[in-house]
Structure formats: C-alpha cells, structure tokens
Amino acid sequence: MRFSRDLVLITGATGHVGSCTLLHLLESGYHVRAAVRSEAKIAAVLSRPQIRALNPGSRLTFTIVPDISVPGAYDHAVDGVTHIIHIASPLATGDSVPADRHDEFFIRPAVQGTLNLLEAANMVGTVRRVVITSSIVALVPYNEMEGITKRSSLKPVSPNDRIPFVPGPYKDTFAAYAASKVASLHHAEAWMARERPAFDAVYLHPGFVLGRNDTALTPGQAMQGTNSVVLALLLGKRFGPYAGTTVYAEDVARAHIMSLDPSVFGNQSYILSQTSRWNDAREIARRCFPEAIKSKMLVMGGSVKTTNLPVDTSLTEETFGFKFTSYEEQVKSTISQFLELRLRKGPVFNMSGDVSVKKRDVFVNVRAITC
C-alpha cells in the first residue's frame, strides 16, 4: 500500500528504462526525487512533453550526483526517502571504450554506485525497500548469451541462478558490461547479507529492452540502445547472434513500480523477459508498415541471428500478475517512434535504403545495451 508521505528516489531517470519508470511513478501518484548528473539533465527531464503533461509540480524534485562512484555520492540524496529505484549504471556503447579502461568505465562505477546507494540508505534510516535494476546478463554465462555454448531447454534460466564474476580484460564492451552486472549483483547481495539493514532489496533482470524511448528526439537517438537491434535489422544490416530474450519497456517500468509494494517478496530476483526471434521483426514490419517498406524507409534484407535461451519467468508472472507484452507489440512501438522521428527530422538514409551513417557507426549502436 502506498502512503502519501512516500518519497521515491530514482537514479538513471534520463535513460530509456529510467524515463519510462519516472513517468509511471508520477502517474501512480508518488512523490519522486530524481538523481541526475547535472542541471542540464534536470532541464532535459522537465522539457519532456510527457512530464509536462502530468504537471507534477512539487511531486517531482531533483538532486545532482555528478559521479555515482565517489564515496558518499548519495548521502544527501536519500534524505527523507522511503523507497529507492536504482537504475543508473554504465552502458555499453560499442567498442569506444578501450579494453584497458573496461574496469574503470564499467565495473567500478556499477559496483561502487550500488554500494554507495545501499550505504546511504542504511545511514538515513527511513528507507523500506531498494529496487535494483540488474540484467539477465547477470544470470547467464556470457558464452550462452552469445550462442557460443548452447543451454539445454531442460534447464531454463532461473531468477535464482548466479554466475561467477570473471575479471578482465574483456573481448568487447558487451562482455565488460555483462561483467559489471554480475559484479554489481554479487556485491549488493553480499552487502545485504552482511549488513542486514532495516530495508530489503528487489533485483529486476530485464532482457533486451524494446519500445518507445521518450529520451530519443532524433532518428539517430532512436538508433541508440537495444532498440537499434530491431532498427538496424530493418535498415538492412546483418549481425548477431543475440539471445532471443526481449521485454517491452512499459513492462519493465510497471515491474519497477509494483516492486515498491511490500506484498512483493524482497531479497529476491525477478526476470523480465520473454522468448523472441529477432527476424520476426521483418514480417511484423511487412504487415504493419507496408508504406514504409514501399518507400524504402524500411528494408527487408537485414538479419539478426537468434540464440535460443530458455527462461523461467513463472515467478515474475505469479508475483506481478501480468503477461509480458508480445514481441510484435515491442517491435511496432519501436518502429512507430523511429518513423515518426524520421519523417519529422528528414532523411537518415538514401533512396536505395542504405543507412546514411558509416557501417561502423551502426555496429556501435547495435552493441549499446540499455537493460
């Protein structure tokens, strides 16, 4: 049950999942404090039409945390807070981060940011629950995500699965990102077991998050994050394999809000994902967006290989009481926004249907993981 005095601190509200979660928090009537890196980020949040339409007034406030890895980073941010949703974490952005900086860029901020938040929550004494956005990659060996090693259909990924942290160097930024999620989960659970705070923790593990991204204002921005897997496929690119585990952004946001309810068991992991086949996006586009294909705004020559990864989401469905939105709806939402931005902002590809950015740039985008 939500009380009028509840105050939720959210981190990562300027990203895909965070922006959607922030909107759901405000729509649900919560008072929200968003931790952002700068004044510019505050302005960006307040400028969103979806936020302005809600007219949250004093129900939405901000605190600036320039560096989540600095000791005591969240000490002032948690003042008077009753619940925390921790989404902020380094994201993979292709191979733009040199291998010798993977630990500095991914591992340390992910671990220290989470531990700093838990320490602050413990110190303030008003927090009742912390919801931590992890990822399915924290539960699945990297080789299985990449399809190098096959997982038996008789042993689906379970929310109670745990894998060992493997220190770098890593072969690419996706591997480094995955390792950061493994490390963060390990440290958070170890801290909770050791400190036994007055609050509990819920760990959410989304797959590849798809659907409208309110932070994207241009076609190029729509091509960032995991939406770019579907969009690059429909712009003629061939790559993969990727695990066929996707989830609608709205479902992820709803799960975050529902996790604040004490009826949801704490100190427990919940998987947010369903089984999908990436190339089904072609048939969905052909059926739902025929004019975009006719005009070469979308093309059918792309392909993304799918790694079959069985996942057990029965605990999630029983706990939250909803079925995951279909892959078709995820794809339609992703394409719709891209086409809206494409028509508004002008060409992003030439008449042959080729993307008017370098192949390397598209590769960087499709490696950007936002879950």
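Figured I'd write up the structure that's included with this text. What you see is a predicted model; the values in this text were computed from it and never measured.

Focus on the overall build of the protein
Along the protein, the regular secondary structure elements total 14 helices and 12 strands. Expected size for 371 residues packed as a compact globule is a radius of gyration near 21 Å; at 20 Å, the protein falls within 12% of this value. Each of the three principal axes of the protein carries a C-alpha extent, and together these read 60 × 45 × 40 Å. Put simply, the protein has 371 residues, and 57% of those count as buried. Within the protein, residue pairs in contact and separated by at least 24 positions form 81% of the contacts whose partners lie at least 6 positions apart.

Description of empty space enclosed by the protein
One way to see where empty space is left: roll a probe the size of a water molecule over the atoms. Taken as a whole and assessed by the stated rule, the structure comprises 1 cavity of 30 Å³ or more. Considered as a void within the structure, the largest cavity measures approximately 90 Å³ in volume. Contributing to the lining of the largest cavity are 13 residues, with T114, I132, T133, K181 and S184 lying nearest its centre. Those elements that provide at least two residues to the lining of the largest cavity are helix 4 (102–124), strand 5 (129–133) and helix 6 (173–195). Of all the elements, helix 6 adds the most residues to the lining of the largest cavity, at 4 residues. Per-class residue counts for the lining of the largest cavity are 6 nonpolar, 6 polar and 1 charged.

Describing the sheet that holds strand 11 (residues 274–275)
On the basis of which strands lie adjacent, the open sheet formed by 3 strands has the order 7-9-11 and mixed pairing. Two strands lie at the open edges of the sheet, namely strand 7 (208–210) and strand 11, each paired on one side alone. Alignment of strand 7 against strand 9 (residues 245–248), held across 3 bridges, turns out to be parallel. What sits directly across from F208, in strand 9, is T246.

Observations regarding the nonpolar core
By size, the foremost hydrophobic cluster in this structure holds 81 residues, and its most contacted members are Y74, I84, M145, W278 and L298. Per-element tally for this core: the top contributor is helix 6, with 11 residues. Look past the residues within four positions of M145 in its chain and what remains in contact with it is I136, V137, V140, F174, F208, Y242, A243, T307 and L309. In this structure, I10, A34, L60 and F322 belong to the second largest nonpolar core, which totals 32 residues.

Remarks on the side chain of T307
The residue T307 is located in strand 12 (residues 303–307) in this model. Non-local contacts of T307, meaning those with residues more than four positions away in its chain, are made with E144, M145, E146, G147, P241, Y242, A243 and G244.

A few points about unusual backbone geometry
Residue G168 is joined to P169 through a cis peptide bond whose omega torsion reads 10°. Relative to the assigned elements, P169 resides in the loop between helix 5 (142–145) and helix 6. Omega for the bond connecting G240 with P241 falls within 30 degrees of zero, at 5°, which places this linkage in the cis form. Summarising the element assignment, P241 is placed in strand 8 (residues 238–243). Even without being glycine, N267 reaches a positive phi, approximately 55°. Mapped onto the elements, N267 comes out in the loop between helix 9 (249–258) and strand 10 (268–272). Phi at K296 is positive, roughly 70°, even though this residue is not glycine. The topology assignment puts K296 in the loop between helix 11 (290–294) and strand 12.

The rules behind these values
- Residues numbered from 1 in each chain as written.
- Predicted model: local features only at pLDDT ≥ 70, side-chain atom pairs only at ≥ 80, totals over all residues.
- Heavy atoms only, no water.
- Helix = DSSP H or I, 4+ residues; strand = E, 2+ residues; numbered from the N terminus.
- Rg over C-alpha atoms; globule rule 2.2 N^0.38 Å.
- Buried < 20%, exposed > 50% of the residue type's maximum accessible area, 1.4 Å probe, protein only.
- Contact = heavy atoms within 4.5 Å.
- 1 Å grid on protein atoms, 1.4 Å probe; cavity = no way out; pocket = protein on both sides within 12 Å on 5 of 7 lines; lining within 4 Å.
- Points joined across faces, edges and corners; volume = space filled by probe spheres on them.
- Nonpolar A, V, L, I, M, F, W, Y, C, P; charged D, E, K, R; others polar.
- Pairing = 2+ DSSP bridges.
- Core = buried A, V, L, I, M, F, W, Y, C linked by side-chain atoms within 4.5 Å.

In short, geometric facts, not functional conclusions.
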